[in-house]
Amino acid sequence: MFEGLTALPADPILGLSAAYQADTNPKKIDLGVGVYKDEQGNTPVLKAVKQAEVEYHNRETSKVYIGPPGSAAANELLQALIFGADHAAVSAGRVRTIQTPGGCGSLRNAAELIKKANPSATVWVSDPTWANHIPLLGNAGLAIKTYPYYDHATKRVNFSAMMDTLKDVTKGDLVLLHGCCHNPCGADLSQDQWQAIAELALQNGFTPFIDMAYQGFGEGLDQDAYGIRLLADTVPEMIVSSSCSKNFGLYRERAGALSIMYASSADADKGQSNLFSLVRGMYSMPPNHGSAIVETILGSPNLTATWHKELAEMRERIKSLRALLNQKLQEKGAEGDFSFIERQSGMFSFLGINKEQVHSLVHDYSIYLVDSSRINIAGISLANVDYLAESIVAVLKK
Ligand code: LMR
């Protein structure tokens, strides 16, 4: 039965890791998959996570099923992290959270629920957006359309074009927004722009759908949640898919959450029952370990303090690498202005070079990045930044 299948190319992001591993060039640099790396190029387990794992190991008495929503305590702690402590919508029982297998699991669950609630819904995604948004939402059968977002010429959000498209989006459709640290372009919305979107959503009735994969990697945990909290204060309904992969460094544990703010607590009860049934029909219930670690950390003031410190270190390191790459490119005589790298936020920026130049970086210099010229800033180090900047300068001349 499988002879009719056609072989597919490797995933455009994940496929880069295999190519990087196979490369024997000692100067190789991995700027592909969005994972945090330290100066040595490692992605270590956070100290807060290690300590929480020991505590949890000592405390755990059973491996019995946890059920489709996961741990109620973890979900409550994550609600506070995302919406802020004591948000009115949370207190009113309008926000419900389920634990999901990573941010991807959250997005897919959301898509399945949207499809069930409104089969003709269209999800509007930014141009560009994270490549995996398309299969995660589209494979659930949702229609997807794009709104203009990144202006490759100014290296900023083209907000007027974005709003010009969104003004025609109405009730029943959804607008997917990156909560912070836009992946892939690194250009985020300002507070005024969030305000304008919140007002438009209220006026037109479309549902904001926020992907929050990098909370804490931009300006800070609360600052990065500005848009979500503003929307939660403004609109009746919204969806938040959040991930603990990056900010807790729990990538392979698949810890994420889906939080939906409903118009009423009665709608929330109905929504939850549908989500439980969808989860049961897909994977029955989420994995426990990653979420149990998050619960242990957020439930302990000491571990939370350790985690905040480690998160701040990751954030500050990325910021300093942004400044360093811009400085090195200038020093090495790069043609063009790369100050946008320093101005942008989170793990990613586009270098703004063409596909041939990207391929030259990969094949001639063993510098791995996505075809769109997206780089993972965290893959830069003091040891490789000179080689990286020189190589970029060289391909810019091609
Ligand atoms: C990325 O964008 O590189 C990360 O979110 C990892 C992934 O799954 O694509």
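Residues numbered from 1 in each chain as written. Predicted model: local features only at pLDDT ≥ 70, side-chain atom pairs only at ≥ 80, totals over all residues.

### Comments concerning the overall build of the chain
Point 1. If you tally the helices and strands in the chain, you get 16 helices and 13 strands.
Point 2. For 398 residues, the compact-globule formula gives about 21 Å, and the C-alpha radius of gyration of the chain, at 21 Å, lands near that figure.
Point 3. For the C-alpha atoms alone, the extent of the chain along its principal axes is close to 60 × 55 × 55 Å.
Point 4. Counting over 398 residues, the chain shows a buried share of 47%.
Point 5. In the chain, the share of contacts with a sequence separation of at least 24, taken over all contacts with a separation of at least 6, comes to 76%. (Helix = DSSP H or I, 4+ residues; strand = E, 2+ residues; numbered from the N terminus. Rg over C-alpha atoms; globule rule 2.2 N^0.38 Å. Buried ≥ 20, exposed ≤ 12 C-beta atoms within 10 Å, placed from the backbone. Contact = placed C-beta atoms within 7 Å.)

### Some remarks on the site of the ligand
Point 1. Near the ligand the following residues occur: Ile-13, Val-33, Gly-34, Trp-130, Asn-132 and Asn-183.
Point 2. The residue inventory of the shell around the ligand, partitioned by class, reads three nonpolar, three polar and no charged. (Near = placed C-beta within 6 Å. Nonpolar A, V, L, I, M, F, W, Y, C, P; charged D, E, K, R; others polar.)

### Thoughts on the nonpolar core
Point 1. Core analysis: the largest hydrophobic core is formed by 112 residues, its most contacted members being Trp-124, Val-175 and Ile-228.
Point 2. With eight residues, helix H13 (residues 301-331) is the single largest residue contributor to this core.
Point 3. Formed jointly, this core draws a minimum of three residues from each of two domains, domain 1 (10-44 + 313-396) and domain 2 (65-299).
Point 4. For Trp-124, the residues in contact, after removing those within four places along its chain, are Lys-145, Thr-146, Tyr-147, Leu-166, Val-169, Asp-173, Leu-174, Val-175 and Leu-176. (Core = buried A, V, L, I, M, F, W, Y, C linked by C-beta atoms within 7 Å. Domains from an automatic or database assignment.)

### Overview of the UniProt feature "domain: Aminotransferase class I/classII large" (unreviewed entry) in the chain
Point 1. Per the UniProt record, "domain: Aminotransferase class I/classII large" (unreviewed entry) is annotated on residues 27-392.
Point 2. In residues 27-392, helix accounts for 46% and strand for 16%; the two terminal C-alpha atoms are 14 Å from one another. (UniProt positions renumbered as here; feature names shortened; annotations may be inferred.)

### A few points about the packing of helix H3 (residues 72-83) against helix H12 (residues 289-298)
Point 1. Put simply, H3 and H12 touch, their axes get as near as 9 Å, and they point 60 degrees apart. When the axes of H3 and H12 are compared, the pair comes out oblique. As for the relative orientation of H3 and H12, their crossing is left-handed in sense. Touching Ala-73, Ala-74, Leu-77 and Leu-81 of H3 are Ser-291, Val-294, Glu-295 and Leu-298, all from H12.
Point 2. In terms of residue class, the contact of H3 with H12 is built from six nonpolar, one polar and one charged. (Axes fitted to C-alpha atoms, helices over the stretch in contact; angles between N-to-C directions. Parallel < 35°, antiparallel > 145°, perpendicular 65-115°, else oblique. Left-handed = near helix turned anticlockwise from the far one by under 90°.)

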